[in-house]
Number of protein chains: 2
Amino acid sequence: MKIFETRTAPNPRRVRMFLAEKGLLEQVQFEQVDIQQGENLTPEFVARNPMKKVPVLELDDGNCVAETMAICRYFEEAFPDSPCLLGETALEKAQIEQWLRWIDFYFMMPTGMCFQHTTGYFKDRMTPVQAWGEECGKSVEQFMHFLNDALDGQEYICANRYTAADINAFTTVAFARVVNLRIKPEHSHLQAWYDRIKARPSAQA
Amino acid sequence: MKIFETRTAPNPRRVRMFLAEKGLLEQVQFEQVDIQQGENLTPEFVARNPMKKVPVLELDDGNCVAETMAICRYFEEAFPDSPCLLGETALEKAQIEQWLRWIDFYFMMPTGMCFQHTTGYFKDRMTPVQAWGEECGKSVEQFMHFLNDALDGQEYICANRYTAADINAFTTVAFARVVNLRIKPEHSHLQAWYDRIKARPSAQA
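- Identification of chain A as Glutathione S-transferase from Marinobacter fuscus is taken from an unreviewed UniProt entry.

Structure (structure tokens):
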């Protein structure tokens, strides 16, 4: 199996941490794609993912799976003996998915939009809307505050154990520094949780 | 079980169609929430979903699950004998999730943002950015074109059968009319697929 990724980007990091926690990193060969140079816009890449994004998983039979969480889902289902990160029971799976979507919609996506719309990083291929980027930055701050409250008295975000929700929130906190959005001194629960997740070997994946 | 929803909104419709296809509509009691009047902003509602969105599933034991796809995931896992809409094998589950996320990120979300940022529907509780709403409208048109091409020679969006991807794309096409984004005459594959999905009883749920 091969994963096309960009090592410095946050979504590929989510997948690498997921695989590291499952002990599956060595099942996969990683191929680097330089997105700033537009290597993700070539016909070869678009054939793998028409949305032109990293990461993309290519299976040995040539089937491709794009989208971070779809790739994680593949490994969760294909390797059922590895540690479970998306839930065991129906309720647990649903509650983890609820958190994954909150993190995507209210945290990761506005962080990415703040980055894309205020820094001009991809201005050769999109129309940045500065005012929207700034609104997104405010949403990110609100979500960090919400997450801090949710982590009061809890070691992990949900399900009483380490899950994909911890990975996705952790990589977003790390990524948010590129737009100077950081954990505030008063967010002690969020900071303690961040330090716990960072101390695991998977954070270096 | 109870679902708090707003009958006219697109996300609750996704859940109702999902339940209808599974034959599970009668398992659930539906309670209407008037979002324009702000009934989703009350402390009682926020206790069920801190993000203040519909739909929310409340189980008989009081546990709540927010987020459309997390609710669908609950029913998919809790009723394994009902028709499968999120995939059987690891590859199928991953490819359906890829499509669900493409539909969410490139179709449903920009449609919702075009609505929220150009019509001022929620201007009492958010800062609309007109230019961003207009950019989102262009993304929606591009995705409809992409979807039309993807449906050339295919009865359903993925996995060679009716899945949640069909539900989510169908409800988005229907919703996009509120911002006057419609299937174009040249998108014959998309139109034929839309008519097929609409002809199923679940489209009336």
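Continuing now.
1. Side note on the packing of aromatic side chains
Next, step 1: Per the counting criterion, the structure on display carries 26 aromatic pairs over all chains.
Next, step 2: Measuring from ring centre to ring centre gives 6.0 Å for Phe-75 of chain B and Phe-79 of chain B, while their planes differ by 20°; the resulting arrangement is stacked.
Next, step 3: Judged by centre distance (5.6 Å) and plane angle (65°), the rings of Phe-115 of chain B and Phe-175 of chain B are edge-to-face. With a gap of 60 residues between them, Phe-115 of chain B in helix α4 (residues 90-119) and Phe-175 of chain B in helix α6 (residues 164-176) connect regions that are remote in the sequence.
Next, step 4: In this structure Phe-115 of chain B comes out as buried when scored by relative accessible area, which is 15%.
Next, step 5: The exposure class of Phe-175 of chain B is buried, given its relative accessible area of 12%.
Next, step 6: Chaining the aromatic ring pairs together yields one cluster made of Trp-99, Trp-102, Phe-107, Phe-143 and Phe-146 of chain A.
Next, step 7: Sitting over the ring of Tyr-162 of chain A, Arg-200 of chain A keeps its end group 3.8 Å from the ring centre.

2. Topic: the relation of the copies chain A and chain B
Note that the two copies of the chain are related through a rotation about an axis and a translation along the same axis.
Next, step 1: When chain A is brought onto chain B, the operation consists of a screw motion whose angular component is 180° and whose axial shift is 0.0 Å, with 0.0 Å RMSD remaining. Those values place the two copies in the arrangement expected of a two-fold rotation axis. The position closest to the rotation axis in chain A is occupied by the C-alpha of Trp-132 of chain A, lying 3.2 Å away.
Next, step 2: Looking at chain A, 100% of its interface residues are interface residues in chain B too, so the copies touch through the same face.

3. Observations concerning the environment of Ser-202 of chain A
All names here are of chain A.
Next, step 1: Residue placement: Ser-202 occurs in the segment after α7 (188-198).
Next, step 2: Note on Ser-202: relative accessible area 5%, which makes it buried.
Next, step 3: C-alpha of Ser-202 to C-alpha of Gly-23: the two residues are 179 residues apart in sequence and 9.3 Å apart in space.
Next, step 4: Not counting the four nearest positions on each side in its chain, Ser-202 is found in contact with Met-17, Ala-20, Glu-21 and Tyr-162.

4. So, empty space enclosed by the protein
Think of a ball as big as a water molecule: rolled over the atoms, this probe shows where empty space is left.
Next, step 1: Going through the model one piece at a time under the given rule, you end up with one cavity of 30 Å³ or more.
Next, step 2: Empty space within the largest cavity amounts to approximately 110 Å³.
Next, step 3: Contributions of two or more residues to the lining of the largest cavity are made by α3 (68-78) and α4 (90-119) of chain A together with α3 (68-78) and α4 of chain B.
Next, step 4: In terms of residue count, the dominant contributor to the lining of the largest cavity is α4 of chain B (four residues).
Next, step 5: Of the residues assigned to the lining of the largest cavity, the class counts are five nonpolar, no polar and seven charged.

5. Topic: the sheet that holds strand β3 (residues 56-58) of chain A
Hydrogen bonds along the backbone pair up the strands of a sheet, which may run parallel or antiparallel.
All names here are of chain A.
Next, step 1: In space, the four strands of this open sheet follow the order β2-β1-β3-β4, with mixed pairing throughout. Bordering the open sheet on either side are β2 (29-32) and β4 (64-66), each of which pairs with just one other strand. For this sheet, the mean inter-axis angle between neighbouring strands, taken without regard to orientation, is 20°.
Next, step 2: In this sheet, β3 lies alongside strand β1 (residues 2-5) in antiparallel orientation, the contact comprising three bridges. Looking across to β3, one finds that Lys-2 is bridged to Glu-58.
Next, step 3: Contacts from α3 reach β1, β3 and β4, with the element oriented near 130° to β4.

6. What about the UniProt feature "domain: GST N-terminal" (unreviewed entry) in chain A?
Next, step 1: The UniProt entry lists residues 1-83 of chain A under the feature "domain: GST N-terminal" (unreviewed entry), expressed in the numbering used here.
Next, step 2: Secondary structure over residues 1-83 of chain A splits into 36% helix and 17% strand, and the C-alpha atoms at its two ends are 20 Å apart.

7. Section: the UniProt feature "domain: GST C-terminal" (unreviewed entry) in chain A
Next, step 1: Listed under "domain: GST C-terminal" (unreviewed entry) in the UniProt record, and renumbered for this structure, are residues 89-205 of chain A.
Next, step 2: Spanning residues 89-205 of chain A, this segment combines 64% helix with 0% strand, and its end C-alpha atoms are found 28 Å apart.

8. What about the sheet that holds strand β4 (residues 64-66) of chain B?
Residues and elements named next belong to chain B.
Next, step 1: Ordered by their spatial adjacency, four strands build an open sheet running β2-β1-β3-β4, and the pairing between neighbours is mixed. Bordering the open sheet on either side are β2 (29-32) and β4, each of which pairs with just one other strand. Looking at each pair of strands side by side, their axes are set apart by 20° on average, direction ignored.
Next, step 2: Running over the sheet, α3 touches β1 (2-5), β3 (56-58) and β4 and is turned about 130° from β4.

Rules used throughout
- Residues numbered from 1 in each chain as written.
- Chains lettered and ligands numbered in written order.
- Predicted model: local features only at pLDDT ≥ 70, side-chain atom pairs only at ≥ 80, totals over all residues.
- Heavy atoms only, no water.
- Phe/Tyr/Trp six-rings, centres within 6.5 Å; stacked < 30°, edge-to-face > 60°.
- Helix = DSSP H or I, 4+ residues; strand = E, 2+ residues; numbered from the N terminus.
- Buried < 20%, exposed > 50% of the residue type's maximum accessible area, 1.4 Å probe, protein only.
- Lys NZ or Arg CZ within 6 Å of the ring centre and 35° of its normal.
- Least-squares fit on C-alpha atoms with pLDDT ≥ 70 in both.
- Contact = heavy atoms within 4.5 Å.
- 1 Å grid on protein atoms, 1.4 Å probe; cavity = no way out; pocket = protein on both sides within 12 Å on 5 of 7 lines; lining within 4 Å.
- Points joined across faces, edges and corners; volume = space filled by probe spheres on them.
- Nonpolar A, V, L, I, M, F, W, Y, C, P; charged D, E, K, R; others polar.
- Pairing = 2+ DSSP bridges.
- Axes fitted to C-alpha atoms, helices over the stretch in contact; angles between N-to-C directions.
- UniProt positions renumbered as here; feature names shortened; annotations may be inferred.

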